[in-house]
Amino acid sequence: MQEITRFIHNIPVDPLTGAVSVPIYQTSTFVQGAPGVNKGYDYARSNNPTRAVLENLIAGLENGATGLAFASGLAAIDAVLKLLQSGDEIVAVDDIYGGAFRLFEQVYKKFGVNVRYVDASDPENIFQAISSRTRMIWLETPSNPTLKIADIAAIASIAKTRQCLLCVDNTFASPALQKPIALGADIVIHSATKYLGGHSDLIAGLVVTASQELGEKIKFYQNACGAILGPFDSWLVIRGLETLHLRMRQHCFSALQIAEFLQDHPAVGRVFYPGLATHPNHAVAKKQSRGYGGIVSFTLKEDTLEAARFLVTGTKLFKLAESLGGIKSLISHSAEMTHKTIPAERRRAGGVNDSLIRLSTGLEEPEDLIRDLCNSLDRIVVKKNVHFQKLETC
Ligand SMILES: *Cc1c(COP(=O)(O)O)cnc(C)c1O
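Conventions we followed
- Sequence order as written defines the numbering, with residues in each chain counted from 1.
- The predicted nature of this model means local features are confined to residues of pLDDT at least 70 and side-chain atom pairs, given and counted, to a pLDDT of 80 or more, with totals for whole chains, interfaces and linings taken over all residues.
- Here the side-chain values reflect all heavy atoms present in the structure, with hydrogen atoms and water set aside.
- In DSSP terms, a helix is any run of H or I states spanning at least four residues, a strand is any run of E spanning at least two, and both are numbered starting from the N terminus.
- Contacts are assigned to residue pairs that have any heavy atoms within 4.5 Å of one another.
- Definitions used for this entry: grid spacing 1 Å over protein atoms alone; cavity, a set of points where a 1.4 Å probe fits but cannot get out; pocket, an open set with protein on both sides within 12 Å along at least 5 of 7 lines; lining residue, one with an atom within 4 Å of a point.
- Grid points are joined across faces, edges and corners, and a volume is the space filled by probe spheres set on the points.
- Residue classes follow a fixed rule: Ala, Val, Leu, Ile, Met, Phe, Trp, Tyr, Cys and Pro count as nonpolar, while Asp, Glu, Lys and Arg count as charged, and any other residue, Gly among them, counts as polar.
- The start and end points of each domain follow an automatic or database-based domain assignment.
- In this description, the term disulfide denotes a pair of cysteine sulfurs within 2.5 Å.
- Exposure is judged per residue with a 1.4 Å probe applied to protein chains only, and the accessible area is read against the type maximum: over 50% gives exposed, under 20% gives buried, and values in between give partly exposed.
- Near residues are defined by distance, with any heavy atom within 4 Å of the molecule or strand qualifying the residue.
- Each polar contact in these results corresponds to two N or O atoms within 3.5 Å; when the atoms are within protein, one needs to be able to donate a hydrogen and the other to accept it, and residues that are neighboring in sequence are counted only if both atoms are side-chain atoms.
- Per-residue and other accessible areas were derived by the Shrake-Rupley procedure at a 1.4 Å probe size, with only the shown protein chains allowed to occlude residues.
- Under the pairing criterion, centres of Phe, Tyr and Trp rings, with the six-membered ring standing for Trp, must be within 6.5 Å; the plane angle then separates stacked pairs below 30 degrees from edge-to-face pairs above 60, leaving the rest tilted.
- Only when the NZ of Lys or the CZ of Arg is both within 6 Å of the ring centre and within 35 degrees of the ring normal is a charge said to sit over the ring.
- Throughout, the accessible surface (probe 1.4 Å) given up by two parts as they are put together, summed over both, is called the buried area.
- In what follows, salt bridge is the name for a side-chain nitrogen of Lys or Arg lying within 4 Å of a carboxyl oxygen of Asp or Glu.

K.L.:
With reference to specific residues and values, describe the environment of glutamine 263.
P.N.:
As for its position among the elements, glutamine 263 is in helix H9 (residues 244-264). Not counting residues up to four positions away in its chain, the partners in contact with glutamine 263 are Val271, Leu276 and Thr278.

K.L.:
Which residues make up the layout of surface pockets, and what are the values?
P.N.:
Estimated volume of the largest pocket: approximately 720 Å³. Lining the largest pocket are 28 residues; nearest its centre among them are Tyr97, Gly98, Thr338, His339 and Ile342. Elements with a minimum of two residues in the lining of the largest pocket: helix H4 (98-108) and helix H12 (344-349). Top element by residues in the lining of the largest pocket is H4. It accounts for six residues. Counted by class, the lining of the largest pocket contains nine nonpolar, nine polar and ten charged residues. The residue makeup of the lining of the largest pocket includes at least three contributed by each of domain 1 (3-242) and domain 2 (245-389). The computed volume of the second largest pocket comes to approximately 400 Å³. Lining the second largest pocket are 16 residues, and of these Asp14, Pro15, Tyr25, Tyr41 and Pro49 lie nearest its centre.

K.L.:
For the state of the cysteines, give the residues involved together with the corresponding values.
P.N.:
Applying the stated criterion to the full structure yields zero disulfides. Cysteine 167 provides the cysteine sulfur closest to cysteine 164, a residue in no disulfide bond, and the two sulfurs are 10 Å apart. A relative accessible area of 0% means that cysteine 167 is categorised as buried.

K.L.:
Give me the lowdown on the site of the ligand, citing residues and values where you can.
P.N.:
Near the ligand, the surroundings consist of Ser72, Gly73, Leu74, Tyr97, Glu140, Asp169, Thr171, Phe172, Ser191, Thr193, Lys194 and Ala204. Separating a nitrogen atom of the ligand from a side-chain N or O atom of aspartate 169 is a distance of 2.7 Å. A distance of 2.6 Å separates an oxygen atom of the ligand from a polar atom in the side chain of threonine 193. The protein chains hide 93% of the 380 Å² of surface that the ligand would expose on its own. A breakdown of the residues in the shell around the ligand according to their chemical character gives four nonpolar, five polar and three charged.

K.L.:
Provide a residue-level description of the packing of aromatic side chains, including the pertinent values.
P.N.:
Applying the stated rule across the entire model yields seven aromatic pairs. Ring centres 6.1 Å apart and planes at 15 degrees place the aromatic pair phenylalanine 232 and tryptophan 235 in the stacked group. Here tryptophan 235 and phenylalanine 232 lie together in helix H8 (residues 231-241), a separation of three residues that amounts to about one turn. The lysine or arginine in question, arginine 162, covers the ring of phenylalanine 127, its NZ or CZ lying 5.8 Å from the ring centre. When the ring centre of phenylalanine 310 is taken as reference, the NZ or CZ atom of arginine 379 above it lies at 4.1 Å.

K.L.:
I'd like a description of the domain arrangement of the chain, backed by residues and values.
P.N.:
We note that the domain assignment places domain 1 (3-242) and domain 2 (245-389) within the chain. Computed over C-alpha atoms only, the centres of domain 1 and domain 2 are separated by 28 Å. Regarding the contact of domain 1 and domain 2, the summed buried area is about 2800 Å², with carbon and sulfur atoms giving 59% of it. Our count for the domain 1 to domain 2 interface comes out at two salt bridges. A salt bridge links glutamate 3 to arginine 290, with the nearest nitrogen and oxygen atoms 3.0 Å apart. For the interface between domain 1 and domain 2, the tally reads 16 residue pairs in polar contact (both at pLDDT 80 or more).

As structure tokens, then:
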């Protein structure tokens, strides 16, 4: 049986009423028959039946033992980091999500947890950065915003021999495309705000562990620290998961066409998309994932903040906004938005040029999206050309 069929039939029918949609248990507490005697639920921070359905579904999708739902992707990351103690080290990808970087540097550092950042495109860099204090390896693949690919299986074997936990932020790929636990990871985290929710209508995070033992440890922090996902938002993520595979198929289909279009446009510099044969780790992406995702980044030939600003304010279907993974296409200018707080030199050294633009391909028809980008790109070329020669690229 195909995964999607199995998944749809794993969504339980309500045993009490037969409702086909999972009920939203909007309650804080549960009546007990006698002290300590209950039906599996006592207080809704510890457990909630709607959240429990989501937690089981994501554990199944990620081939893990335990799933846990949190108030945001960052709350999920935070719960995983609580496995560490003062003096421990993390080796992390250098182009890590900005919010994770802030959490590492401005919160965990003061508690004595240090992080080394390396380019994870080559597993050897990870190997070299591991010290006797390293407890955790932190990957994002594809990474943000330059879509670098790390070889999960190769890094998992390094993690095993050096006795580190391998954590993979699987937000960009989603379990519809990539299953890090099947490739040897110990922990997967998600910002369910993105593809899993899928409709840009909530903030949520998920953790999945390969072993039940690790799941119990993180579940302790989920309850002890309390950053749980509420029942209504849990229901929204379940609803999003129901169409995840279908949506990812279309996101991938459109993103590849857009990447190919961009490669041929005279105003475009470099295109970053793991599905292009020119991507340096295309073969690794092909080996470890079922598709290349919906995010495409590119630079402009005129590599300036002004040119990028002109482009991102010229598109009509691609809305200018942070975030990604929803049904509506979004466009963002990394240097002035997601990477604004990073000093320009450091940002450029990390491959985020002044003109780098990130697209989150939505579910509109790809030909409409391409025309929208083309119109805005042609404005750049026409603006630069003194004779205002009419371009025919659209
Ligand atoms: C958005 C994002 C996060 C943080 O998730 P929130 O739900 O916004 O807290 C973490 N990792 C990646 C890769 C993200 O894109």
